[in-house]
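Per-entry structural report
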Amino acid sequence: MAGRGLLVLFGSQTGTAQDTAERIGRGAKRRHLRCRVEALDSCDVANLIHEPLVVFVCATTGQGDPPDNMKMFWRFLFRKNLPAGSLCQLDYAVLGLGDSSYPKFNFVAKKLHKRLLQLGGNPLLPVALGDDQHELGPDAVVDPWLVALWDKILALYPLPPGLEIISPDVRLPPKYTLRYLPEDSPQPNSDLLQPTAPRAAPCELHPFAARVLSNRRVTAQSHFQDVRLIEFDIAGSGITFSAGDVVMIQPQNCPEDVQQFCQLLRLEPHRRFVLEPTEPGTALPPLLPQPCTVQYLVTHYLDISCVPRRSFFELLASFSTNELEREKLQEFSSAQGQEELYSYCNRPRRTTLEALWDFPHTTCAVPADYLLDLIPRIRPRAFSIASSLLAHPERMQILVAVVRYRTRLSKPRRGLCSTWLASLNPEQGDVRVPLWVKKGGMKFPADPATPVIMIGPGTGVAPFRAAIQERVALGRRGNCLFFGCRYKSKDFYCQTEWEELVTKGLLTLFTAFSRDQEEKVYVQHRIRENGRLVWELLSSGNAHVYLAG
């Protein structure tokens, strides 16, 4: 068994690549291969030269960019001074997850495959390019590719004598065991995020618990969309940012959902437990205190409002003692059942909690040990920062449109993070939000003479508010903003602020209120009407143009 090992590395932004990597990890366990599944940035890249067999699963984000959790790996791999044959002992396979409606479809996977070849790696298979646009989603490519991958791997590393592939009907052990503590064991001080004196700048593993100072609705009460301007106190956090940067916020589930979930699964919210890894060497999940209460786990960690993936139904089916429910769950987790699953889950945006409601006999049989295998963790959400430290020292503001829409399900769909943020009332005491800052993709010109043309309809105006505040504080003119919304009287965010700057000659503002007249008028109409000015700024002023939606 000594040499039969596989390393699965993923670069994932929304969790799909991680879910697929974990699926490959389970396949390896069924074939008695030792297997580690890790984010690309968590593994020591220098050790790749000692790895005989690696499968890379990577998503492509934005305009052909690598996901955040593989950026360091990416920079290292493309260093000019890496010797050509440095990976000659590596057998590898690359699985890409992308969306063919973007011009740089699966760019990261293609480029990674090419670079590993350059460094002497030996590809087991051609690169696989999963596509979100396919009617069956990425699985249309992933499923057959995995069949071919296991054939290749078992040819290289045959099963040891006397061992069979573990049947899909046999449930694999959970990643962790949940060991409940006696009711009378001493309580820790608090489950809550304590604002700590930061060791370094806050980050995903060490967020800063920022106090909410204000939470103001900036659309008229009669307007269909609730948009908030929320201000945080970041004094003492060590956080710095400039215009164009992004704040990451770690949301939590609402108390009603947490209560329902605990009732459905017959969990006692106030019971305390410690997690114990099933296999030695498995790291404990970050951000979960040890010991932890069930309430904390469900509120802050388990993403019970996400749309469940195929792997959720596969594992859920293995707990089912009810024949009807089990048949349906098995259908949802089969390759043939993917269209059916899409109609049940993705199209109506059904949540994990709602899916559990639909399979009550199975749900109450789910062992607590499997909760972390069944339900992914809550992902942080990104918001453009809408203020400048030069205008508001020790403060940070964001502009949040509360996500609420209808599908064929009777209950309206709600965005987890925006709904939670909108519910926070700083007048009811000390309300805190875990956050940290990331560099954004927008850089504003360093030369004070360079004019900027900013096109920001709706909440897309957020990063430009930060930029305008910053530029005005630095005495920079040449600020031109095209803003669009529906009605001047209902959703013209920051109207008085813009008008004051216009009066002082610090801002040129063009507005498009699409519904205030018969003919709809959008920002592109205003740009066309003011074509001469725009061209002048571009041709003789060397202006930079920024667009955010």
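Given the structure is predicted, the values throughout are model-derived calculations rather than measurements.

Re the packing of helix H14 (residues 462-473) against helix H15 (residues 495-503)
Interaxial distance between H14 and H15 falls to 12 Å at its minimum, and their mutual angle equals 35 degrees. Along this stretch, H14 crosses H15, giving a crossing that reads as left-handed. Facing H14, whose interface residues are Arg 465, Ile 468, Gln 469 and Val 472, H15 presents Glu 497, Trp 498 and Leu 501. Partitioned by chemical class, the residues of the contact of H14 with H15 number four nonpolar, one polar and two charged.

Brief notes about the sheet that holds strand S14 (residues 395-401)
An order of S13-S10-S17-S8-S9-S14 is seen for the six strands of this open sheet, with the pairing classed as antiparallel. For this open sheet the edge positions go to strand S13 (381-384) and S14, each flanked by a neighbour on one side alone. On average, adjacent strands in this sheet sit at an angle of 40 degrees to one another, irrespective of strand direction. In this structure, strand S8 (residues 208-217) lies alongside strand S17 (residues 432-438), joined through four bridges in antiparallel fashion. Counted as the bridge partner of Ala 210 is Val 433 from S17.

Some details on the domain arrangement of the chain
Here the domain parsing of the chain yields domain 1 (5-156), domain 2 (208-248 + 380-438), domain 3 (255-374) and domain 4 (452-547). Computed from C-alpha coordinates alone, the two centres of domain 3 and domain 4 are separated by 46 Å.

Comments concerning a positive patch on the surface
On the surface, Arg 404, Arg 406, Lys 411 and Arg 414 cluster together into a patch of positive charge. With respect to the element layout, Arg 404 can be found in strand S15 (residues 404-405).

A look at unusual backbone geometry
Of all residues except glycine, most have a negative phi; of all peptide bonds, most are trans. Cis geometry is found at the peptide bond from Gln 290 to Pro 291, where omega equals -10 degrees. With respect to the secondary-structure elements, Pro 291 resides in the loop between strand S11 (272-277) and strand S12 (292-293). Even without a glycine there, the phi angle at His 32 is positive, about 60 degrees. In this structure, His 32 sits in the loop between helix H1 (16-30) and strand S2 (34-39). His 32 sits in the buried class, given a relative accessible area of 19%. Even without being glycine, Asn 106 reaches a positive phi, approximately 55 degrees. Structurally, Asn 106 can be placed in the loop between strand S4 (91-98) and helix H3 (107-118). Judged by relative accessible area, Asn 106 falls into the buried class, the value being 1%.

What counts and what doesn't
Residues numbered from 1 in each chain as written. Predicted model: local features only at pLDDT ≥ 70, side-chain atom pairs only at ≥ 80, totals over all residues. Heavy atoms only, no water. Axes fitted to C-alpha atoms, helices over the stretch in contact; angles between N-to-C directions. Helix = DSSP H or I, 4+ residues; strand = E, 2+ residues; numbered from the N terminus. Left-handed = near helix turned anticlockwise from the far one by under 90°. Contact = heavy atoms within 4.5 Å. Nonpolar A, V, L, I, M, F, W, Y, C, P; charged D, E, K, R; others polar. Pairing = 2+ DSSP bridges. Domains from an automatic or database assignment. Patch = residues over 30% accessible without salt bridge, like charges linked within 9 Å, V, L, I, M, F, W, Y side chains within 5 Å. Areas by Shrake-Rupley, 256 points an atom, 1.4 Å probe, with all protein chains shown as cover. Salt bridge = Lys/Arg side-chain N within 4 Å of Asp/Glu carboxyl O. Lys, Arg positive; Asp, Glu negative; His and termini not counted. Charge placed at Lys NZ, Arg CZ, Asp CG, Glu CD. Buried < 20%, exposed > 50% of the residue type's maximum accessible area, 1.4 Å probe, protein only.

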